[in-house]
Amino acid sequence: MTVTLLPSPSEEQAMLLDASVRFMEAAVPLATVRERADGADHDDAGYRRAAAELGWFGLLADEARGGGSASGNGVLDAALVAAERGARLQPGPYPGHSAVVHALDAAAAVGAEHEQVLGELVSGAAWATWAFDSGASCELRAVDRGLELHGEVPVVAEADLCAWLLVTARSADGLTQVLVPADAAGVTVRRLEGLDVSRHWGAVRFDGVAVGAGDLVGTAGPASERLVAEQARLAAVLTAAESVGTMRADLDAAVQYAKDRVAFGRPIGSFQAVKHLLADLSLWAEMATGLVVAAATSLGHGDAGGPEQAHAAKAFVAEKGIEVAHGCFQVFGGIGYTWEHDQHLHLRRLAADAESFGSAAWHRSQLLDAAGVSR
Amino acid sequence: MTVTLLPSPSEEQAMLLDASVRFMEAAVPLATVRERADGADHDDAGYRRAAAELGWFGLLADEARGGGSASGNGVLDAALVAAERGARLQPGPYPGHSAVVHALDAAAAVGAEHEQVLGELVSGAAWATWAFDSGASCELRAVDRGLELHGEVPVVAEADLCAWLLVTARSADGLTQVLVPADAAGVTVRRLEGLDVSRHWGAVRFDGVAVGAGDLVGTAGPASERLVAEQARLAAVLTAAESVGTMRADLDAAVQYAKDRVAFGRPIGSFQAVKHLLADLSLWAEMATGLVVAAATSLGHGDAGGPEQAHAAKAFVAEKGIEVAHGCFQVFGGIGYTWEHDQHLHLRRLAADAESFGSAAWHRSQLLDAAGVSR
Amino acid sequence: MTGTDRPDLDSYRAAARVWIEANLVRRPTAEAPRRKPWEIEEQTPEELAEQRALQRRLHEGGYAGITWPVEYGGQGLTREHERAFLDEAAGYVLPDLGIAGGATFGVCAPTMLAHASREFLRRHIPRVLAGELIVSQFFSDPDAGSDLAAVRTQAVRDGDRWILNGSKIWSSGAYYADAGMCLARTNWDVPKHRGLTWFLVPTDARGLTIERIRQINGDSEFCQEFLDDVELTDDDVIGEVNGGWTVTQTMLLYERGAGSAGGGSAAHTGLRADLAELLAEVGTDDPQVLDLVARNHVDDLARAALGRRLLALMTADPTSAGSLASYGKLASGVLDPVRANRMMEIAGHRALAWGEPSEAGAHAALGLLNSRFMAIAGGTSQMQRNTIGERVLGLPREPSFDRSKPFREVVRDARNWSGAVG
Amino acid sequence: MTGTDRPDLDSYRAAARVWIEANLVRRPTAEAPRRKPWEIEEQTPEELAEQRALQRRLHEGGYAGITWPVEYGGQGLTREHERAFLDEAAGYVLPDLGIAGGATFGVCAPTMLAHASREFLRRHIPRVLAGELIVSQFFSDPDAGSDLAAVRTQAVRDGDRWILNGSKIWSSGAYYADAGMCLARTNWDVPKHRGLTWFLVPTDARGLTIERIRQINGDSEFCQEFLDDVELTDDDVIGEVNGGWTVTQTMLLYERGAGSAGGGSAAHTGLRADLAELLAEVGTDDPQVLDLVARNHVDDLARAALGRRLLALMTADPTSAGSLASYGKLASGVLDPVRANRMMEIAGHRALAWGEPSEAGAHAALGLLNSRFMAIAGGTSQMQRNTIGERVLGLPREPSFDRSKPFREVVRDARNWSGAVG
């Protein structure tokens, strides 16, 4: 079963999704997600390689560099994959990895930089993520020996899985980006406790990490600002797409429960209190789905409305995702309070996604900029 | 019938309220409110005098200056009156008038200023109001001949009924207040169209109004800042009390309608969609009532918690008042869309009260100050 | 005229172009000034008479009722011919018979064509086409609301006459219509859907009073009718006696077709006009105001996206279109009030009261008053939630108390409601 | 001991003071360190044994069951005597038998005293007072939830034995209790409220399995029990056979008494501690964060005021207290999640993940997980709305399908639900 982001996917899209769903259900079913939550590791390398073979990581890269989309719109294809991932609470930093692929592909297109790393990422040899920080606390300083990266990104999803980190930093030349090996001297990934137990969380610290000119991605200044904005929209849309998958999975389970569960001599779904709640939640799910599809489609096409729709999608999904999780919890009642039930995994995911790659409030402020509201 | 802000009013309070309700239902029943909405005038002078005899305007003045409360807590008593007024959409700037009475009583207690005007206000010989403006756009300028008041307060309720206007202005000595006759040279009251058709609305402009030292109220600077803050809390609580009366009247009507109206072979109040909506609305009404009573009680006693509760009450009631009006509208359905039905009068009132004497957002920011959150 | 007699589209289009240029007036190219929030736009009797004359000209030219049967004065052509004519006439003034004219051509006449007798149609449809018979819907009972079939306005047979008593409400434009298409109960001893009959009532019938309803937004295009021993005959019956619910289904279909999915369509960028205007007046200093603006923009974009998603879902599965349309209506019902509340907050004192210069504040205030329209009119949000819950999500039905008993008993039992069932 | 034998309060108080000083330990004056959000506070078996011993000392000293009948080991004194003892003991360590101990003394034993037979009480109550019998509530069925009486755990009579089968859930502290007070269906052929019976089940009974439920917040004080041919006798029945609903009413009364109106009480000023701590960590730079803080403070003050209003209303009309209490519960059910969502927004990334230094963020995250507790446990918000709608506002009842039919038919009909009634 797919979460059907598109009512009528193309044949290529349907193949990609069917194969992806089969893969996920075999490789990391919910039982494995739960084991991971309790501290066990899954076969990450095998997962990466298999996902890469399905094409997950090349959707946003040029065919010349080993990539290729299913439908001609790689952002939309990636969003479809992300939604199926979200429905199954899959591991791995897919939105962050995709943002790095996009950044390296853009850089490689200009100057053939980082082609080798891009190849690793597309082939699933390694995970990368974008150490996104709306507080912009990292700095690239010129020192005698060259350049040094300083700062801390307080929360990065699945940082411990990553071989590469893309860091956005202030510098004397303006905003710039650096590709850092996660095992470079001066990089510390500190494991954190997280609300969302289906993922690992880390704080990433850069204490004077030595940076060579070849580690820079793109050109500092306005070009980097544009690229960072693109990355933010892409990561936002893919995070929102993962959330939409989770929302729909949670909602499907609640609807089924409302059909099966009996109280006061009736299935509880026959009560307006439950039926109308689920109808409202399904409205949010449909709107969220529509908006994510619209944003992914527009971003992939390079439409003028893409940036607005991307920020709106993240802002909308962040708030409605939590609302859907609350509403489903209410339908499940006490059983949703038990660790064994999936409800809390969905709630944790949706609350974490709401904050990841920019909160609703942050994306609303970006939206105003994109809509040309001058302040 | 009273809207029972207090489950167990004192004997004196019960007498005040019973007499007030009888008076309002005879003097300005809803039919008269509707005539006023359609442009007719009511007997304002008679209304004022009779209300004064009931004691409405002296509740916040010292007995030595012709005032006196019913229960020993004049703010609470005034809130009880205000709630009954709100339930019947009564005319007149009661919160603003009361704020002026408080200000003049405080000034008279110190320096025997304005005792004569205070007497007029307490006896119902005239209305006054406080030309409140959260934007603080008025200025008192020193000129050759003395002092001049400049500025415009964009919206003042029932300004056209008032003989006196209390104006808060910036001056070289800090914040200051001036009592201005509404017919003074340089004062223009421009009639506005208003959302709330049960009241008149005006913009008040001051074009170099000559101000004498005797027109000043209290001492400029910190003392005036304190007094202005007190006025704001008092006007806020009495406005919120009027809203609570309106909310409860609207809700009572909607509950009755849900009992009487039949659809699909059942009274609509037997549907959870209606019953649960009304239960939630009544929760807001009970919380609003409790908070207004708490705020009025604390303000009247001079408790440390009074300011916080007053700002919280206005902020809470502003938002929940509109929510209650929306919910009742939904219960009434199409009939609420007709001019002849009272629903829109309640909605208009509650939306206007929400903005009058400071919006919810403004009071939340004041609340943070009162709670000692430093910025 | 049979299929083979039909002109081919190209020659039809060419002939239409010639006729249009000779008979119609070009529309002014400049946008008509938008009306002020508190102004009422209504045709004078003289303006209406002009529009009727224009409709007659269209009819006489053979361009009215293009798809309607020739037998009743129509042209018997295809939808493609109609579209060709409308394409050609796009820049010209076509008759505007107001809100009741819309109901006449979009809903009432098509419903009649589907259900009324040949004699009835011969009598009335040519007059519709000639602009002589504007028909308003006398559909809702004051006591029925969302429970459309719970009609209590009754028609009692007396020899060959029908005597109608009761009241109808929410009839758009009835005050200037020539007749009303009226739903009445003709049998109280069968379940509610089975004892209904449609009639055509002339607005000048003795015993019929039409009152305009003053709405809270200042308009009054809706009316209420009072029927006091209004006499009709069998000739005035539309469709089968006691078969009114079948006719109603057709009417509802045309009503929905007339409306939209309610979700907006094209991917717009930038703030919606009303939001931009309000922001321009209020200014961008207050970060909380800006956040409210952003919240409304987010929801506007989400609603537009919902419209496109619903269209895609309906295209993929046309049988689900009716139920899916409830999402569009529910979105409006739920989000219009939220949006209006935010507009009020953004507007601040400007929406509390306003003089000449401030239009944006008045718009916000009017928007608040209008904001529950989609949550109530034409099926409340509660009805939409039932539809979505049962027909889209497949949740079990609510208990029903009025589907199988005689309507007479439904009315009685509701009065003695105790809630006890089993 | 009869009324005249009772010691006067002053001498009782004086004697208690002497005993307390000699037998109890003073409570440490410093506040116990608040536990960290993710730490679980639970007694070890050794700690529990100490507490049982302390309870025994109280009992032996004559200060356990002060108001309970002498016949069953109590002291037969008045509530005033009890209050006097508690006043005097205020600064001392009293026995803490954990969450199941609270249920034993606050709910289970009082309910037994009201309904169980003399023989039963003689057998069990002295052991309760001596700290030897901790009784957990085996009340809810997994399939019943808010529909408390829809119990399917059944007890079948077999000669002089009862054979219990089924499952119970949400039993607080059952994992360390000595017995469970268990509600079972003893007649399926009468309406649901009339075929229920309460039993006392020893936790070491053969066929009884107790599993701790791992909760989403990391705690696991709730348990689920599985009864697989558990054998009891008539001696274990509490109250009348098939009269269990009467006993349940008493139990619910004690449960509610144990809980509060849920609205807070004293007029507090300044931010609530968790809000102040979070704000201190996040800082006051962002105006939108400050507005969220203010919104939570507004609601906190409104909830405290609601608590005082409900108390005033209940005092004015004590008969309405039961229904009015639903407002307190509904306020928590509705506003806890709203408050928790805002705490999450304020906390930002701090609530997404945290290391050692950040406690406020972890509190916000835990708060989100816990936020629906009051909306669900002990009667959902939907149940509270029904109570308010019907008993406070006087709205007409919902249709009921399970009040007069045999429970066996209720179960069957629910499976074949069609919604059709009339």
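Residues numbered from 1 in each chain as written. Chains lettered and ligands numbered in written order. Predicted model: local features only at pLDDT ≥ 70, side-chain atom pairs only at ≥ 80, totals over all residues. Heavy atoms only, no water.

In this section: the interface of chain C and chain A. Contacts between chain C and chain A engage 42 residues on the former and 42 residues on the latter. Where chain C abuts chain A, roughly 3,400 Å² becomes buried across the two surfaces, and 69% of that area is made up of carbon and sulfur atoms. A salt bridge links Arg364(A) to Asp291(C); its shortest N-O distance comes to 2.7 Å. Across the contact surface, chain C and chain A share 13 residue pairs in polar contact (both at pLDDT 80 or more). Secondary-structure elements contributing two or more residues to the side of chain C that touches chain A are helix H8 (287–316), helix H9 (321–347) and helix H12 (381–392) of chain C. Element by element, the count of residues in the side of chain C that touches chain A is highest for H8(C), at 18 residues. (Contact = heavy atoms within 4.5 Å. Buried area = accessible area lost by both parts, 1.4 Å probe. Salt bridge = Lys/Arg side-chain N within 4 Å of Asp/Glu carboxyl O. Polar contact = N/O pair within 3.5 Å; in protein donor to acceptor, adjacent residues only side chain to side chain. Helix = DSSP H or I, 4+ residues; strand = E, 2+ residues; numbered from the N terminus.)

Now for the interface of chain B and chain D. Taken together, the contacts link 42 residues of chain B with 42 residues of chain D. Here chain B packs against chain D, burying approximately 3,400 Å² in sum over the two surfaces, 69% of which is carbon and sulfur. For the pair chain B and chain D, the interface holds 5 salt bridges. Applying the counting rule to chain B against chain D returns 13 residue pairs in polar contact (both at pLDDT 80 or more). Of all the secondary-structure elements, those providing two or more residues to the side of chain B that touches chain D are helix H7 (222–260), strand E9 (266–267), helix H8 (272–301), helix H9 (306–332) and helix H11 (360–370) of chain B. By residue number, the principal contributor to the side of chain B that touches chain D is H8(B), which donates 15 residues. Looking at side-chain class alone, the side of chain B that touches chain D contains 20 nonpolar, 12 polar and 10 charged residues. (Nonpolar A, V, L, I, M, F, W, Y, C, P; charged D, E, K, R; others polar.)

The next point concerns the pattern of salt bridges. Tallying each qualifying case throughout the model produces 103 salt bridges over all chains. Of the charged contacts, one joins Arg141(B) and Glu139(B) as a salt bridge, the two residues approaching to 3.5 Å between their closest N and O atoms. Among the salt bridges present, the one from Glu231(C) reaches Arg161(C), with a minimum N-O distance of 2.7 Å. Placement of the pair is Glu231(C) in strand E7 (residues 222–233) and Arg161(C) in strand E3 (residues 161–172), with a sequence separation of 70 residues.

Here we come to the confidence of the model for chain C. Residue and element names in this part refer to chain C. A residue-level look at chain C finds 93% of positions with pLDDT of 70 or above and a mean pLDDT of 91. A low-confidence stretch, residues 258–266 stays under pLDDT 50, and its non-local contacts, those more than four residues away or across chains, total 14 contacts. This prediction of the complex comes with two scores: 0.95 for pTM and 0.95 for ipTM. (pLDDT = per-residue confidence, 0-100.)

To continue, consider the sheet that holds strand E4 (residues 162–169) of chain B. All names here are of chain B. Read across the open sheet, the 3 strands follow the order E1-E4-E5; overall the sheet is mixed. Looking at strand neighbours, the two that pair on one side only are strand E1 (127–130) and strand E5 (176–181), the edges of this open sheet. Ignoring which end each strand starts from, the neighbouring axes of this sheet average 20 degrees apart. Here E4 runs beside E5; their pairing, made up of 6 bridges, is antiparallel. Bridge pairing in E5 places Thr168 opposite Gln177. Across the sheet, helix H6 (residues 115–123) touches E1, E4 and E5, and the angle it forms with E4 is around 125 degrees. Most of the contacts of H7 go to E5, to which it runs at about 65 degrees, and overall it touches E1, E4 and E5. (Pairing = 2+ DSSP bridges. Axes fitted to C-alpha atoms, helices over the stretch in contact; angles between N-to-C directions.)

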